[in-house]
Amino acid sequence: MQKLKKHQKIYVNRSINMASIRSLGFDMDHTLVLYNRVNFENLAFHETLKKFIANGYPEELASLKFDPNFVIRGLLVDRERGNLLKVDAHKYVKVAFHGHMKLDKAARSELYNSRGFKADDFLTVDTFFALSETQLYIEIVDYMRRNPGKIQKTFTEVYKDLREWIDLSHQDGSIKTKVLMEPSKYIVRDPHLVDTLVKLIDGGKKIFLLTNSDWAYTNSVMTYLLDNQHEEFQQWQDYFEYIIVSAGKPNFFTGTNPFYEVMTEQDGLLKLHRGPLVPKNVYHGGNAILFEKLTMQKGDQILYCGDHIYGDIMRSKELFNWRTLLVVEELYDDFKKTEKLQPELEKIMEAITVEEDLQAQVQALRSNISNQERRHKSKHRAKQDESKFLVRIAELQAELKGKEETLETQHKAIKELISTREKQFHPVWGELMRTSLEKSRFGKQIESYACLYTSRMSALRHYSCSEKLRSYRDVMPHDL
């Protein structure tokens, strides 16, 4: 295999023998279909904001601006307090904002770190569609902070309104109609998508589409993306053995909804389906138990690829042992920055080595001083040694003070080096899968639930359909 760049690779948490995979399933949005995130999120932000104002919120909110660079995936939303949090793998809040006001360490400690909290009580920003939603929530929270009393609702009530109206914006066509009117403005073509799908088919894999999007939207988007892009697959449906829309994930993996057959392309008329799934037909709803039964496959024979850590990855793996491939689009840019910033990381590690050496010297001096003071107080000490002990203790204390000052300077320098490096990934939240040098909660979830992860599903084209994707030996701190 050619030497791949980081953003072209698939990363392995759990070893998979691709030869044992019979079929690969794909989510549509942010997996097969990539979006111009700035244009799409800006559209969702403002269409939902219109509904706030139409339902009695202050008209001043119309001046709120969408900031594409503030919210990232993996954050937690404390809807009760109106706070946005970045949490490490051990549930320690490292960064927190109330609106656009950053909370200092004392405030974070008082609210979260001194007594602990249940992360499941908070909303996880784990999909791209949640970015504009969270951004709008934070902007309204900040407006309430700057204008006390103008919105007579709690932060929880504001968020409840937000969920209702952003769902309505997706359902009533406010967003999707505009996307379909100008697909080139909102949809980004992955130039390697067709080659990847064809390689999988030629490699003997069955491919299925499993999406929460409805039939009309799915058909329009996939037609734009795949029709007439390959001489042997003229229509987008030709690539897929099974097509399932309006799946309602994660309920697809937890519920018992039946399959309905989509009878017309125009209005999506549904008919209750009985019997095996017919290849190339389009189905609505359904559930994973029935899907496995009707397709005569199960568990680790299926590899499912999606972008939603909860709806696509956690449930399919936990409940059905499907193999999972998580698409983390942001890593495409993060990996490039990681390579560029490798010298900075090496500088940080060298500075930490110096700090550790200083810490050892400080501890040795403290122990020596303690020893000298104990001997000074000893009943068996000769009186003529008084001045000798006092002089020695004073010398050691002076040396200790200098070392402690040097250690504090070194500690601050390391913090500054880490902060500078983090800001080159993101000016507010730092690296996606880390907080400082530790894993973020999002990074830990990926490690725990995604068998594989990559920045684009088309990375599959670089690997054989019978390849053994091996995880590295799990490394624990004592292995380093």
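Note: the structure precedes this text.
What counts, and at which threshold
Residues numbered from 1 in each chain as written. Predicted model: local features only at pLDDT ≥ 70, side-chain atom pairs only at ≥ 80, totals over all residues. Heavy atoms only, no water. Helix = DSSP H or I, 4+ residues; strand = E, 2+ residues; numbered from the N terminus. Contact = heavy atoms within 4.5 Å. Areas by Shrake-Rupley, 256 points an atom, 1.4 Å probe, with all protein chains shown as cover. Lys, Arg positive; Asp, Glu negative; His and termini not counted. Charge placed at Lys NZ, Arg CZ, Asp CG, Glu CD. Core = buried A, V, L, I, M, F, W, Y, C linked by side-chain atoms within 4.5 Å. Buried < 20%, exposed > 50% of the residue type's maximum accessible area, 1.4 Å probe, protein only. Pairing = 2+ DSSP bridges. Salt bridge = Lys/Arg side-chain N within 4 Å of Asp/Glu carboxyl O.

Peer 1: Got a minute to help me understand the overall build of the protein in this structure?
Peer 2: Scanning the protein from N- to C-terminus turns up 15 helices and 21 strands. Seen along its three principal axes, the alpha-carbon backbone of the protein occupies a region of about 105 × 60 × 40 Å. For the protein, the share of sequence-separated contacts (at least 6 apart) that also reach a separation of at least 24 residues comes to 75%. Of the roughly 24000 Å² of accessible surface on the protein, a fraction of 49% belongs to carbon and sulfur atoms. Counting 71 positive and 68 negative side-chain charges, the protein places the averaged centre of each group 5 Å from the other.

Peer 1: Hey, could you run me through the nonpolar core in this one?
Peer 2: Side chains of a nonpolar character, in soluble globular proteins, are inclined to be buried together. Ranked by size, the top nonpolar core spans 52 residues in total, and within it Phe26, Leu32, Leu226 and Phe240 carry the most contacts. For this core, the secondary-structure elements that each account for two or more residues are strand E3 (23–26), helix H1 (37–54), helix H7 (193–202), strand E11 (206–210), helix H8 (215–226), strand E12 (242–245), strand E16 (302–306) and strand E17 (323–327). Element by element, the count of residues in this core is highest for H8, at six residues. Among the nonpolar cores identified, the runner-up in size contains 47 residues, and Val158, Leu162, Trp165 and Ile309 belong to it.

Peer 1: Before we go on, may I ask you to explain the sheet that holds strand E8 (residues 101–102) in this structure?
Peer 2: Note: strands within a sheet are paired through backbone hydrogen bonds, in either parallel or antiparallel orientation. An order of E8-E7-E6-E5-E9 is seen for the five strands of this open sheet, with the pairing classed as antiparallel. Only two strands of the sheet have a single neighbouring strand rather than two, namely E8 and strand E9 (123–124). Where strand E6 (residues 83–87) lies against strand E7 (residues 93–98), five bridges are found, and the strand directions are antiparallel. In the sheet register, valine 87 faces E7, and the bridge partner there is valine 93.

Peer 1: Could you clarify how one ought to interpret the environment of aspartate 120 in this entry?
Peer 2: Tracing the backbone through its elements, the reader meets aspartate 120 in the loop between helix H2 (105–113) and E9. Its relative accessible area of 69% is what places aspartate 120 among the exposed residues. Taking the C-alpha atoms as reference, aspartate 120 lies 29 Å from isoleucine 418; in sequence the two are 298 residues apart.

Peer 1: Can you help me understand the environment of aspartate 142 in this one?
Peer 2: Inspection of the secondary structure assignment puts aspartate 142 in helix H3 (residues 129–146). Residues aspartate 142 and threonine 420 lie 278 residues apart in sequence; the distance between their C-alpha atoms is 26 Å. Aspartate 142 has contacts with His98, Gly99, His100 and Met101, leaving out every residue within four places of it along the chain.

Peer 1: How should I be thinking about the sheet that holds strand E14 (residues 270–272) in this particular structure?
Peer 2: What the ten strands build is an open sheet, ordered E1-E20-E17-E16-E3-E11-E12-E15-E13-E14; its pairing is mixed. The sheet is open, and its two edges are formed by strand E1 (11–12) and E14, each paired on a single side. Relative to E16, E3 runs parallel, the two sharing four bridges. The residue of E16 that forms the bridge with glycine 25 is tyrosine 304.

Peer 1: Whenever I open this one, the pattern of salt bridges confuses me. Can you help?
Peer 2: Pairs may arise between side chains of opposite charge once their charged atoms sit close together. Here the structure, examined in full by the defined rule, presents 23 salt bridges. We note a salt bridge from glutamate 438 to lysine 94, for which the minimum N-O separation is 3.5 Å. Of this pair, glutamate 438 sits in strand E19 (residues 438–439) while lysine 94 sits in strand E7; the two residues are 344 residues apart in sequence, bridging distant segments of the chain. Of the residues examined, glutamate 438 reaches a relative accessible area of 38% and is grouped as partly exposed. Across the pair glutamate 431 and arginine 421 runs a salt bridge, and its minimum N-O distance is 3.3 Å. Placement of the pair is glutamate 431 in the loop between helix H14 (386–425) and strand E18 (434–435) and arginine 421 in helix H14, with a sequence separation of ten residues. Here glutamate 431 and arginine 421 have matching classes, each one buried.

Nothing here speaks to function; it is geometry throughout.
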